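Residue-level structural notes
Spelled out, the chains give:
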Amino acid sequence: MWPTRRDPSVRRVGQRRRREDLAWRWGARVASWIPIGGLSFVLIILVIKAWPAIVVNGADFLTKSQWLPGNTYGGVVHTHGVAHPMGSSYGAWPLIAGTLETSLIAVVIALPIALGTAFALTELMPAWLARPLSFFVEILAGLPSVVIGLWGVLEIGPFLAHHVYPLVANHVPNVGPFRYLKGPVGYGEGLLTSSLVLGLMIVPIIASTTRDLFMQVPALPKEGAVALGFTEAEVARRITIPWVRSGIVGATVLGLGRALGETMAVAMISGSVLGKVSPTLYGTMTTIAATIVSQLDSAATDGTGFAISSLAEAGLILAVIALAVNLVARAIVSRTGRLAAPVGRG
Amino acid sequence: MTLQRLVRVKGRSLATLALVAVATVFATGTVASAAPAKLPKSGIETPPSATLTETGSTLLYPLWNIWAPAYQQKYHQINLTTGGTGSGTGIADAASGTVNIGSSDAYLSPSVKQATPSLLNIPLAISYQVIAYNIPGVHANLNLNGGILAAIYSGSITNWNSPTIAHLNPRVKLPSLPIVALHRSDGSGDTFIFTQYLSDQVSSWAKGPGFGTTISFPTISNALGENGNGGMVSGCQATPGCIAYVGVSFLTQALGDGLGYAALGNGVGQYVLPSPTSAAIEAAGFTKATPANGTISMINGKIKGGYPIINYEYAIVNQHQSSIGFARAVRSLLEWAVNANYGNSNTYLSQVRFVPLPAPVVAQSLKQILTIK
Amino acid sequence: MDQVKRTTPSDHSYPSTRRRRMTAVIFRGATLLALALVVAPALWLVIGVVARAVPHWQWNVVTTLSQGTSGGLENAIVGTLVLMAGVAVIAGSIGVLTGVRLAELSRLRSGAWARGAIDILAGFPSIVLGYVGYVALCVGLHWGFSLLAALLILSLMVVPYIAKSTESALRQVPTSYREGAEALGMPEGYALRRVVIRSALPGIVTGLLIALSVAGGETAPLLYTAGATNNLPTFSLLHQPVAYLTYYVWTDYNQPSDVAHYVSNDAALILVVLVLTMLVVARVIVARTQRHAEGTR
């Protein structure tokens, strides 16, 4: 005997369930506004904090190469009504350049390696080997960046400086872009080491996305190509990669976004030198993110708050760069809809 | 400032939790004008039960970690949390009232003082700075002075075999080895006193880079930024030819790592090795000049036998604590810390190579401590 | 292979067979080299973490409090776990509900806003979040270094991972399940809870675990929000700093004493074990459900 709709107990249950409908609806609606609110809060605070610095530093902020907090123990001067210590002068050009250089070099290195890795994992390796290896590559994406930075500063940096960079510096021809590989190789902290480690950090993002995409390429066109006598290389170049090109581009841009915002590893490996763009690939430098983490503490000793404000301006620039990269990635990836593997970012 | 306040007001309406926190800070701010507390005969007030938070200077952090268990053993009712986050956040957090004690290697700047007039900088101990270097084969203590250091850091002396260095060190055979000048990448009290020494001895440096917790060091090819004193020592160890300025509490490790350290030219032209004795001589010379609020640089004094880069390590405390209980507990802790029989005895200080405060400075510190309400 | 050449005899731009064979060999070598270039440093990295920590490992690290540059890591381990638990609650509930909204209920335009915000947050530099946490929450609101400030910033950072993985897990639930539920007269919310979310649960839990592993491994947003302390976390949300493992890795690695290096290396090892455990569990869940799905097909 089934209960009927007129049965009062059924109605009560019905009401309770409708209330559950409402609870889900409103819960989900409210929750989905929280990220919007949080992001707006972050951006508003950033703009408010950066505003005095934007007013005083002007457009020069993008081109100047100094990072001078000024004499925090000396007099306070006012520019456009904003108080700042005498002698303070901020320019973020070396930071912006360092951020872009490390990230772009990282992507240029990471992309071919990631594609090769994905190809090896999907087409060359037997399944019993490919499965643990791809899991291992994915795991690499999850390692905390401070641990990767530790490895960078303790092991790979000194190794490169002692065994690899001298060879490179002595043997590359002194022409064109190779000139940046000439000169004193330093001690393992600097632009190239940072870029290489960043590259290693974003390879998994690109590789695991690409691997998944490769697996989605239907077998038929590939088999047809092989039947026509295509070699592996030709199948990859003419069939597989064109098939998933937009996905690869999207994953690459996501990787670039991660490299731009990476903080701890770069803070540990870059050499942390403010105020100059490195003349060679081995030179010491720093990035926006690394500068914020290493300077925020001393910025707090500037009683006018101008140092904190200038850091906010640098942060705002980083946020804008990251946003632009992200929007591009989003436009490209929206079709694939896959969430890139997370990577420790700071 | 108005913008900062704007943010604060906006935020307050966002979170009621914060409202309560802010309200307590503001409400207790009004208890200020009572008479100063009295010191009991023992020299240390008995604290009520409380949880105190200290954060700030990484140079003072090891000392706080030695002090904390000793103090808590005497006064079980206190739970003291220490943190090494950097002088800047120490000062900022003490100013905003979120920690009871901030610690700093540098005294408060006038602008900070202006923003929060109730902030005190109370000398707790004396530290000094060592100029360390890594020259393979050279274990002697080189003679160096502000002129040479300024020339190195601005790139006009780039090799250890420079005749200018040789002239001051006729007995040492210096190799041909490029100099790598290390500086702190994070803002630091060590950079502050080091650059102050350079500014005091070299007028062109005073005009040029000047001094501060973060300065733009002249752009030279062999510069390397290091994070923290630890980074300076381990970076120097890894880099033959380096020169670095490090807080004295790191000297033991620096020596263990095979680094040498210099005798520095002082204000009367003598070359003096850093030691507790020479630092104490310098400190004694500055005692009279130390003002009641403890704000003074003790660099390059005209003091015979004194080591020229020393500084007070400060507790940054807001005069207005959030409750009477907190105020009593903070007073008790600081009274213990500056007391020559307890916190300021060599039992604790020598572990980090700090020097005790001279008695007149202790008296001044105590006066400041007793104004904490 | 020769066939191809014979069918295009007139095409002079087409490379010779020998060259194509060479290219094929080089290509194969290059892909294997690429794989090696990823796997070898990664192995070096992971083995390095273990090799640095194990020779000086003492189990009492887990049960003693830190003394900054020496001592144990109990406070940091507990602190990291507390932070992860807090993030699981805050970011977990917000993220899952947002994912539900995006997958099931987004007939309204604001769904697009939520999606945009999540995409932007997913790529937002974490240090900038940490900066805002410090100036707005710790200093601006006088919270000080505190659990709440750290939790809010970390949660904001990882909500996108949870929301996205929840969304994609929900989207993979077959439409027939929803139709069946509707045909049975189930109200929407009830069907969501009993049918849809239940079958999407493995995906949701996987996303949550990945998000927690990210949260546990973060340093930059915590340095200026959680602060540092040698004590165990207290139950107060405000004014009390929280210890966490990455702080000790970062602070002690270049302190010039061997003991400090041990602390740093131990913290790195514990951190890696913690993070990898979560990733492995997540992976096992995925593998299980895949096998399950394939079995029922």
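Residues numbered from 1 in each chain as written. Chains lettered and ligands numbered in written order. Predicted model: local features only at pLDDT ≥ 70, side-chain atom pairs only at ≥ 80, totals over all residues. Heavy atoms only, no water.

With that settled, consider the overall build of chain B. Scanning chain B from terminus to terminus reveals 15 helices and 13 strands. The C-alpha radius of gyration computed for chain B amounts to 22 Å, which stays within 12% of the reference 21 Å derived for 373 residues, consistent with globular compactness. Taking the principal axes of its C-alpha atoms as reference, chain B extends roughly 65 × 50 × 35 Å. Accessible surface for chain B amounts to roughly 13,400 Å². Of this, 58% is attributable to carbon and sulfur atoms. (Helix = DSSP H or I, 4+ residues; strand = E, 2+ residues; numbered from the N terminus. Rg over C-alpha atoms; globule rule 2.2 N^0.38 Å. Areas by Shrake-Rupley, 256 points an atom, 1.4 Å probe, with all protein chains shown as cover.)

Turning our attention to the pairing of strand 8 (residues 242–247) of chain B. Residues and elements named next belong to chain B. Most of strand 8 is tucked away: six of the six residues are buried. As paired strands, strand 6 (residues 180–184) and strand 8 are joined by two bridges and run parallel to one another. Within the sheet, the bridge partner assigned to Val180 lies in strand 8 and is Cys242. (Buried < 20%, exposed > 50% of the residue type's maximum accessible area, 1.4 Å probe, protein only. Pairing = 2+ DSSP bridges.)

This part is about the interface of chain C and chain A. Between chain C and chain A, the contact holds 90 residues from the first and 92 residues from the second. Approximately 8,200 Å² of surface area, both sides summed, lies buried where chain C meets chain A, with 75% of it carried by carbon and sulfur atoms. Three residues stand out in chain C for area buried against chain A, namely Trp44(C), Leu45(C) and Tyr131(C), and they jointly supply 9% of the buried area on that side. Between chain C and chain A we count five salt bridges in total. Note that Glu20(A) and Arg193(C) form a salt bridge whose closest N and O atoms lie 2.6 Å from each other. On the surface where chain C and chain A come into contact, there are 15 residue pairs in polar contact (both at pLDDT 80 or more). Along the lines of polarity and charge, the residues of the side of chain C that touches chain A split into 65 nonpolar, 14 polar and 11 charged. (Contact = heavy atoms within 4.5 Å. Buried area = accessible area lost by both parts, 1.4 Å probe. Salt bridge = Lys/Arg side-chain N within 4 Å of Asp/Glu carboxyl O. Polar contact = N/O pair within 3.5 Å; in protein donor to acceptor, adjacent residues only side chain to side chain. Nonpolar A, V, L, I, M, F, W, Y, C, P; charged D, E, K, R; others polar.)

Attention now goes to the confidence of the model for chain A. Residues and elements named next belong to chain A. Averaged over all residues, the pLDDT of chain A equals 85, while 92% of them reach at least 70. Within chain A, the element-level pLDDT minimum falls on strand 1 (residues 67–68), averaging 82, and the maximum on helix 2 (residues 93–124), averaging 93. Contacts from residues 337–344, a stretch scored under 50 in pLDDT, to residues over four places away or in other chains number 30 contacts. (pLDDT = per-residue confidence, 0-100.)

This paragraph deals with unusual backbone geometry. Positive phi is not limited to glycine here, since Ser272(A) has a value of about 50 degrees. With respect to the secondary-structure elements, Ser272(A) resides in the loop between helix 9 (264–269) and helix 10 (288–299). Given a relative accessible area of 11%, Ser272(A) falls into the buried group. Even without being glycine, Asn300(B) reaches a positive phi, approximately 55 degrees. Relative to the assigned elements, Asn300(B) resides in the loop between strand 12 (298–299) and strand 13 (309–318). For Asn300(B), a relative accessible area of 14% puts it in the buried group.

Summed over all chains, the structure comprises 31 aromatic pairs over all chains. Ring geometry for Trp67(A) against Tyr90(A): centres 4.9 Å apart, planes inclined by 75 degrees, an arrangement best described as edge-to-face. Of this pair, Trp67(A) sits in strand 1 while Tyr90(A) is found in strand 4 (residues 89–90), placing the two residues 23 residues apart along the sequence. Comparing Trp67(A) with Tyr90(A) shows no difference in burial state: the two are buried. Each ring, one from Tyr71(B) and one from Tyr75(B), has its centre 5.1 Å from the other, and the planes form 45 degrees; the classification is tilted. Here the aromatic cluster, defined as three or more aromatic residues joined through ring pairs, consists of Trp64(B), Trp67(B), Tyr71(B), Tyr75(B), Trp336(B), Tyr342(B) and Tyr348(B). Residue placement shows Arg29(A) over the ring face of Trp26(A); its charged tip is 4.8 Å from the ring centre. (Phe/Tyr/Trp six-rings, centres within 6.5 Å; stacked < 30°, edge-to-face > 60°. Lys NZ or Arg CZ within 6 Å of the ring centre and 35° of its normal.)

Now for the interface of chain C and chain B. At the interface, 28 residues of chain C touch 33 residues of chain B. Each partner contributes to the roughly 2,600 Å² buried at the junction of chain C and chain B, and carbon and sulfur atoms together form 59% of this total. In this structure, the connection of chain C to chain B is made through zero salt bridges. Where chain C touches chain B, the interface holds seven residue pairs in polar contact (both at pLDDT 80 or more). Those elements that provide at least two residues to the side of chain C that touches chain B are helix 5 (126–140) and helix 10 (245–252) of chain C. Looking at which element gives the most residues to the side of chain C that touches chain B, the answer is helix 5 of chain C, with four residues. Counted by class, the side of chain C that touches chain B contains 14 nonpolar, 14 polar and no charged residues.

Turning next to the environment of Ala300(A). Topologically, Ala300(A) is positioned in the loop between helix 10 and helix 11 (306–333). A relative accessible area of 13% means that Ala300(A) is categorised as buried. Setting aside residues up to four positions removed in sequence, Ala300(A) forms contacts with Ile308(A), Gly88(B), Thr89(B), Ala92(B) and Tyr134(C).

Residue and element names in this part refer to chain B. In terms of domain boundaries, chain B breaks down into domain 1 (6–127 + 312–369) and domain 2 (129–284). With centres defined by C-alpha atoms, the gap from domain 1 to domain 2 works out at 32 Å. Facing the 11 residues of domain 1 at the interface are 16 residues of domain 2. For the pair domain 1 and domain 2, the summed buried surface comes to about 1,100 Å²; carbon and sulfur atoms form 66% of the total. Among the residues domain 1 hides against domain 2, the three largest losses belong to Leu59, Arg353 and Val355. Together they make up 47% of the total. At the junction of domain 1 with domain 2, the criterion picks out zero salt bridges. Put simply, domain 1 and domain 2 have zero residue pairs in polar contact (both at pLDDT 80 or more) between them. (Domains from an automatic or database assignment.)

Right, let's talk about the pattern of salt bridges for a bit. For the structure shown, the criterion picks out 13 salt bridges over all chains. The partner of Arg283(C) in a salt bridge is Glu138(A), with the nearest N and O atoms 3.4 Å apart. Here Arg283(C) is found in helix 11 (residues 258–296), whereas its partner Glu138(A) is found in helix 3 (residues 127–142) on a different chain. The partly exposed category is assigned to Arg283(C), whose relative accessible area is 25%. It is possible to trace a salt-bridge network through shared partners that takes in Glu138(A), Arg211(A), Asp212(A) and Arg283(C).

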